Amino acid sequence: MGIAAVLVVFLHILFSIFVLLTPGKHNAKSLGKLYNQLVLLGPFFTESRIKTSPHLYISFKVKDTWSPFVDHGLANFKSYCEHPWRYGKLHYGDFERYISLQIGEQIRHKEFKGMGSSRAFRELNQFIVQEVISRQVDSVSLVYGLNVYLPETKTVRFDTVFKYTYNPSVIAPSKKL
């Protein structure tokens, strides 16, 4: 049994090296292409492989003054990159992306004016007011969209999914606290 396991690992390493050294030389139905997509690890985070990245920009108004738009998920990720042992706030960005994606999907089927009563929007509002801003504000402005990578020009284009400005105090809480 041990010899069989060593043989499988050895064949995996040999085939991985072969696939890595011959990138793009596999046709759509080849075993090498399938192996490269499903089994071979890395490099996943190259620009050409990342097609879209979601972003939620948040601004708020206090006493007639708007704050600049900030992507808190990206800010938390940059903080994590500088201090990898502080990973707790990475989950904030995950939640923002998850709930914003849900709202974006709902908007395709409804008009945005009715979104203030949806559970997903109420959860996002409660999260923003309590965890992100954590102070009394007059208004909140949200811009959610996708950075879309265009490989032919090697550029990134921002595609807005929704933009909404509202008074957070008129949105019902998502949960009873």
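Residues numbered from 1 in each chain as written. Predicted model: local features only at pLDDT ≥ 70, side-chain atom pairs only at ≥ 80, totals over all residues. Heavy atoms only, no water.

## Topic: the packing of aromatic side chains
Our working rule: Side-chain rings of Phe, Tyr and Trp (the six-membered ring for Trp) are treated as a pair once their centres are within 6.5 Å; stacked means planes under 30 degrees apart, edge-to-face means over 60, and tilted covers the remaining angles. With a 1.4 Å probe rolled over the protein chains alone, any residue whose accessible area is under 20% of its type maximum counts as buried; one over 50% counts as exposed, and the rest are partly exposed.
Inspection of the entire model under this criterion finds eight aromatic pairs. Ring geometry for Tyr 164 and Tyr 166: centres 5.5 Å apart, planes at 15°, overall stacked. Each member of the pair, Tyr 164 together with Tyr 166, is buried. Taken together, the ring pairs connect Tyr 92, Phe 95 and Phe 127 into an aromatic cluster.

## What to know about the side chain of Asp 71
Where we set the bar: What counts as a helix is a DSSP run of H or I of at least four residues, what counts as a strand is a run of E of at least two, and both are numbered from the N terminus. Polar contacts here mean pairs of N or O atoms no more than 3.5 Å apart (in protein, one a potential hydrogen donor and the other a potential acceptor; neighbouring residues in sequence count only if both atoms are side-chain atoms). We call two residues in contact when some of their heavy atoms are within 4.5 Å.
Tracing the backbone through its elements, the reader meets Asp 71 in the loop between strand E2 (65–66) and helix H3 (72–82). Separated by 3.3 Å, the side chain of Asp 71 and the backbone nitrogen of Gly 73 make a polar contact. Polar side-chain contacts of Asp 71 include one of 3.2 Å to the backbone nitrogen of Leu 74. Aside from chain neighbours lying at most four places away, what touches Asp 71 is His 55, Leu 56 and Tyr 57.

## Re the nonpolar core
To keep it simple, the criterion reads: Only buried residues count toward a nonpolar core. Its members are Ala, Val, Leu, Ile, Met, Phe, Trp, Tyr and Cys residues joined through side-chain atoms within 4.5 Å.
Ranked by size, the top nonpolar core spans 22 residues in total, and within it Ile 103, Ile 128, Val 140 and Leu 142 carry the most contacts. Elements represented by at least two residues in this core include exactly strand E1 (52–62), helix H4 (90–107), helix H5 (119–133), strand E3 (139–150) and strand E4 (155–166). Top contributing element to this core by residue count: H5, with seven residues. Here Val 140 is in contact with Ile 58, Ser 59, Phe 60, Trp 66, Ile 128, Ile 133, Tyr 164, Thr 165, Tyr 166 and Pro 168, once residues within four sequence places are set aside.

## Observations concerning the pattern of salt bridges
Our working rule: Any Lys or Arg side-chain nitrogen found within 4 Å of a carboxyl oxygen on Asp or Glu counts as a salt bridge.
Under the definition given, this model contains two salt bridges. As a salt-bridge pair, Arg 97 and Asp 94 come within 2.5 Å of each other at their nearest N and O atoms. Of this pair, Arg 97 and Asp 94 both sit in helix H4, three residues apart, which is roughly one turn of the helix. Accessibility expressed as a relative area gives 33% for Arg 97, which makes it partly exposed. Note that Arg 119 is salt-bridged to Glu 123, the shortest N-O span being 3.0 Å. Of this pair, Arg 119 and Glu 123 both sit in helix H5, four residues apart, which is roughly one turn of that helix. In this structure Arg 119 comes out as exposed when scored by relative accessible area, which is 55%. When its relative accessible area of 16% is taken as the criterion, Glu 123 is described as buried.

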